[in-house]
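# Per-entry structural report
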Amino acid sequence: QLDPENTGFIGVETFASLVHSHELPLDPAKLDMLVALAQGNDEGQVCYQELVDLISSKRSSSFKRAIANGQRALPRDVLLDETGLGIYKRFVRYVAYEILPCEMDRRWYFYQHRACPPPIFMAAVTLTQIIVFLCYGARLNKWVLQTYHPEYMKSPLVYHPGHRARAWRFLTYMFMHVGLEQLGFNALLQLMIGVPLEMVHGILRISFLYLAGVLAGSLTVSITDMRAPLVGGSGGVYALCSAHLANVVMNWAGMRCPYKLLRMVLALVCMSSEVGRAVWLRFSPPLPASGPQPSFMAHLAGAIVGISMGLTILRSYEESLQEQCGWWVLLLSYGTFLLFAVFWNIFAYDLLGAQIPPPP
């Protein structure tokens, strides 16, 4: 009735009177965004498709356009000034300031966040890793450096170059760990960084990033360290951590997480020490071993995935990845690497005459 010519637009005054006369139950934050969009264009009109996108919380460029074109029309309340919040809402506010660099992004996330679905992916992966570790620890009666037990490497979950044909091992190795120290480090980072990232960016994006780091880690090891087996979720962990740290650096002025410089230094020191420890265990094991030790190359591969693909994902909050040319370039590059790695594992070992250790 208000758009007889079916243009998809109506005036902002008409829309405001419609809202008040019918008492539509619209989210105030989304209504602010829609009004900002209308006041940001030349005609001062409300677009029907933008209304649908905002009300449905669809990942689109509408939100970013609202910020760019109509920011002066939006409320300028600082999220930290919110009072009377419960424990969970305070945690959501903490996550917003930990992950997002823009105050408007933080407010948008805070007001539209819903507890369901919960961040189950990182919690489920971490819980599974702990259960698997406890099961093998109880079975082998060994809780530190489990890989030195001859029965440990016989697990159907471990990646071993002699079992490359069992393709599931390129992913399931993430549930196995060298020992208590590696498990504790990975579990801590997955819960402290992975869970907040999943709360903000959703299960699909973060699970894709984590699994892309895991798969890139095992395939990189199969190319660069052809005699080495692989255990641990470090490829996925480093993909998450490097993406988050790169996002913080790229948006340093806008980040409001406390003690960000100190936390950045501590994170880099911990990650570097973990890589150094993995290198030491690979080439100078503290105990005599009958075969090669797990490789460290998965750490570096995960970091590369995080800085490239992960940074694009984290910088695209509330925007569709499919609309970005850079995302398709990264996805094509990753797909090309996977294809190359598959052919390498099929043909290169025989062509190069690689002397791989016999599978356990």
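Within each chain, residue numbers correspond to sequence positions counted from 1 in written order. The predicted nature of this model means local features are confined to residues of pLDDT at least 70 and side-chain atom pairs, given and counted, to a pLDDT of 80 or more, with totals for whole chains, interfaces and linings taken over all residues. Heavy atoms throughout the structure, all of them, feed into the side-chain values; hydrogens and water do not.

The omega angle of the peptide bond from Cys116 to Pro117 is 0°, so this bond is cis rather than trans. To qualify as a helix, a DSSP run of H or I must reach at least 4 residues; to qualify as a strand, a run of E must reach at least 2; elements of each kind are numbered from the N terminus. Position of Pro117 relative to the elements: it lies in the loop between α6 (103-112) and α7 (120-140).

So, about the UniProt feature "active site" (unreviewed entry) in the chain. Taking the numbering used here, the UniProt-annotated feature "active site" (unreviewed entry) corresponds to Ser234 and His299. Spanning 66 residues, the named residues nonetheless gather at one spot, since no C-alpha pair among them exceeds 5.6 Å. Note on placement: Ser234 falls in helix α11 (residues 234-250). Any pair of residues with heavy atoms lying within 4.5 Å of one another is described as a contacting pair. Beyond its immediate chain neighbours, meaning those up to four positions away, Ser234 contacts Gln182, Asn186, Glu274 and His299. Sequence-distant contacts of His299, defined by excluding residues within four places in its chain, comprise Ser234, Tyr238, Glu274, Val275 and Ala278. UniProt positions are given in the numbering used here, feature names are shortened, and annotations may be inferred rather than shown by experiment.

Attention now moves to a nonpolar patch on the surface. Exposure above 30% relative accessible area and the lack of any salt bridge qualify a residue for a patch; like charges then connect within 9 Å, and the nonpolar side chains Val, Leu, Ile, Met, Phe, Trp and Tyr within 5 Å. Working definition of accessibility: Shrake-Rupley area with a 1.4 Å probe, residue cover restricted to the visible protein chains. We define a salt bridge as a contact between a side-chain nitrogen of Lys or Arg and a carboxyl oxygen of Asp or Glu at a distance within 4 Å. On the surface, a cluster of nonpolar side chains totalling about 750 Å² of accessible area is made up of Leu339, Val342, Phe343, Ile346, Phe347, Leu351 and Leu352. Tracing the chain through its elements places Phe347 in helix α14 (residues 325-352).

In this analysis, axes come from line fits to C-alpha atoms, helices being fitted only over the stretch in contact, and the angle between any two N-to-C directions falls in the range 0 to 180 degrees. Interaxial distance between α11 and helix α12 (residues 260-283) falls to 12 Å at its minimum, and their mutual angle equals 150°. Judged on the interaxial angle alone, α12 and α11 are roughly antiparallel. Relative to α12, α11 is oriented so that their crossing is left-handed. Between α11 and α12, the contacting residues are Ser234, Tyr238, Cys241, Ser242, Leu245, Val248 and Val249 on the first element and Met264, Ala267, Leu268, Met271, Glu274 and Val275 on the second. By the definition adopted for this analysis, an angle is roughly parallel if under 35 degrees, roughly antiparallel if over 145, roughly perpendicular if from 65 to 115, and oblique otherwise. By convention, the crossing between two helices is left-handed when the near helix turns anticlockwise from the far helix through less than a right angle, and right-handed when the turn is clockwise.

Multiplying 1.5 Å by the residue count of a helix minus one yields the expected span of that helix. Relative to the 18 Å expected for 13 residues at 1.5 Å per residue, helix α5 (residues 87-99) spans 18 Å between its end C-alpha atoms, a close match to the ideal helical length. Relative accessible area decides the class of each residue, using a 1.4 Å probe on protein chains only: under 20% of the type maximum gives buried, over 50% gives exposed, and in between gives partly exposed. For α5, the complete set of buried residues consists of Val92, Arg93, Val95, Ala96, Tyr97, Glu98 and Ile99. Structurally, α5 contributes buried residues whose contacts are with α6, α9 (180-201), α11 and α12.

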